[in-house]
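Remarks on the overall topology
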Amino acid sequence: DLSFGHLGGCIDNYSHFFYWSGPNRHDLQRNGEEIYHNGRFFPDLMVEEAGRFMEAHRREPFFIYFAINLPHYPYQGDPKWLDHYNRAGVPYPRNLYAAFMSTLDERIGMLLDHVDALGLTERTIVIYQSDNGHSTEERAHRGGGYAGVFRGAKACLFEGGIRVPAIIRWPGRIPAGEVRDQFLVNTDWMPTLAELCGIPLDTRGMDGRSLVPVIHDPGAASPHADGYCWALGKMWVSRKGPWKLLGNPRDTSRPGKAIDEDRFLVNLAEDPGETTNLAARHPEKVRELEQQYQQWQLRIP
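Report follows, based on the coordinates. (Residues numbered from 1 in each chain as written. Predicted model: local features only at pLDDT ≥ 70, side-chain atom pairs only at ≥ 80, totals over all residues. Heavy atoms only, no water.)

**Thoughts on helix H1 (residues 42–56)**
Because each turn of an α-helix spans 3.6 residues, side chains separated by three or four positions in sequence point in the same direction. For the record, the criterion: A run of H or I in DSSP counts as a helix once it spans at least four residues, and a run of E counts as a strand once it spans at least two, with each numbered from the N terminus. By definition here, a helix of n residues has an expected span of 1.5 Å times n minus one. Burial classes: relative accessible area under 20% of the type maximum marks a residue as buried, over 50% as exposed, and values in between as partly exposed (1.4 Å probe, protein chains only). Contact definition: two residues touch when any of their heavy atoms are within 4.5 Å.
The end-to-end C-alpha separation of H1 is 21 Å, in line with the 21 Å expected for 15 residues at 1.5 Å each. Those residues of H1 not exposed but buried are Phe42, Pro43, Leu45, Met46, Val47, Glu49, Ala50, Gly51, Phe53 and Met54. Where H1 is buried, its residues contact strand E1 (4–5), strand E4 (29–30) and helix H3 (94–117).

**Examining the packing of aromatic side chains**
In plain terms, the rule: For this analysis, a ring pair means two rings from Phe, Tyr or Trp (six-membered ring only for Trp) whose centres lie within 6.5 Å, classed as stacked if their planes differ by under 30 degrees, edge-to-face if by over 60, and tilted for the remaining angles. Working rule: Lys NZ or Arg CZ, within 6 Å of ring centre, within 35 degrees of ring normal, means a charge sits over the ring.
Under the defined criterion, the tally for this structure stands at 14 aromatic pairs. Ring centres 5.5 Å apart and planes at 85° place the aromatic pair Phe158 and Phe264 in the edge-to-face group. Taken together, the residues span a long stretch of sequence, with Phe158 in the loop between strand E6 (126–129) and helix H4 (159–162) and Phe264 in strand E11 (residues 263–267) at a distance of 106 residues. Looking at Phe158, the relative accessible area reads 0%, which means it is buried. Among the aromatic residues, those joined into a cluster by ring pairs are Tyr75, Tyr97 and Phe100. The ring of Phe158 has Arg151 sitting right over it, with the charged end atom 4.3 Å from the ring centre. Above the plane of the ring of Phe183 lies Arg239, whose end atom (NZ or CZ) is 4.2 Å from the centre.

**A closer look at the packing of helix H2 (residues 79–87) against H3**
Just so we agree on the cut-off: A fitted line through C-alpha atoms serves as each axis, taken over the contacting stretch for helices, and the angle formed by two N-to-C directions is quoted from 0 to 180°. Any angle between 65 and 115 degrees counts as roughly perpendicular, while under 35 counts as roughly parallel, over 145 as roughly antiparallel, and the rest as oblique. Crossing handedness: left-handed means the near helix sits turned counterclockwise from the far one by under a right angle, and right-handed means the same turn made clockwise.
Two elements in contact, H2 and H3, have axes whose closest approach is 8 Å; the angle formed by their N-to-C orientations is 135°. If you check the angle between H2 and H3, you find them oblique. Crossing of H2 over H3 shows right-handed handedness. Contacts between H2 and H3 involve Lys80, Trp81, Leu82, Tyr85 and Asn86 from the first element and Asn95, Leu96, Ala98, Ala99, Ser102, Thr103 and Glu106 from the second.

**Brief notes about unusual backbone geometry**
Following Tyr73, the chain continues into Pro74 via a peptide bond in cis, with omega recorded as 5°. Relative to the assigned elements, Pro74 resides in the loop between H1 and H2. Each neighbour pair has its own omega, and for Tyr92 with Pro93 the value is 0°, a cis peptide bond. Take Pro93: it is sitting in the loop between H2 and H3. Backbone geometry at Glu274 places phi at a positive 50°, although glycine is not the residue there. Inspection of the secondary structure puts Glu274 in the loop between E11 and helix H7 (283–299). Under the relative-accessibility criterion, Glu274 is labelled buried at 0%.

As structure tokens, then:
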């Protein structure tokens, strides 16, 4: 096992200090020991570390969780990319965000170049996924990201805060260049990888379900057709089919605009932007999804 990176929520990418609260604190570690690479760009250190690990374990099975910090603030994209978007006339703060995203894209390319150079492409499953929507926090310059038609941003449970793109690549073994629109969740990746790798896994009590049927068949049903729930602080969601009930909702993409309703019901098939609260029109659906959420709570240790 190997660990490399920072333990706090974020660091400056060059000094590797955590600037959040209290005294400034250096936060860069390898296997629990503090190390120093002052002035080195942290994403480059991540790529180098992963490359060395793959080189050392190229002849045996390995797993890498490459939790790169981009595009988490502080926005410190490569100067060439910032210059590119400034010349293109991209307005602030989207120019900062775009530069950081292109910096991320380039590092992912470097990582995949390592896989190719080691001759591991055909034998390596690669999964790419973000953890949440774009930030509108002060440290993120109040925005810069874009969620399209979806409402919300990081730290809320509207679709703009939780619906993120995901990619899986395994050349010659799974379909390529295809898109799936079924409702899936990030906890599904563990049972999916286990099945793809032929590893027996007891999934009883797990929230995740294998995505292998969906990966191979665009017409396969969502593994969560019977419903799914999750929570973030006081906010919670109960989802079944196209119906989604938000409890105690807030919208971080619209700072300062409070939501008066404590229950917000939407049909995502008809209203993907979550613009209209249907709770008053469908009280029976509200009760059904509230009961589903209450049953889910009982299963949590």
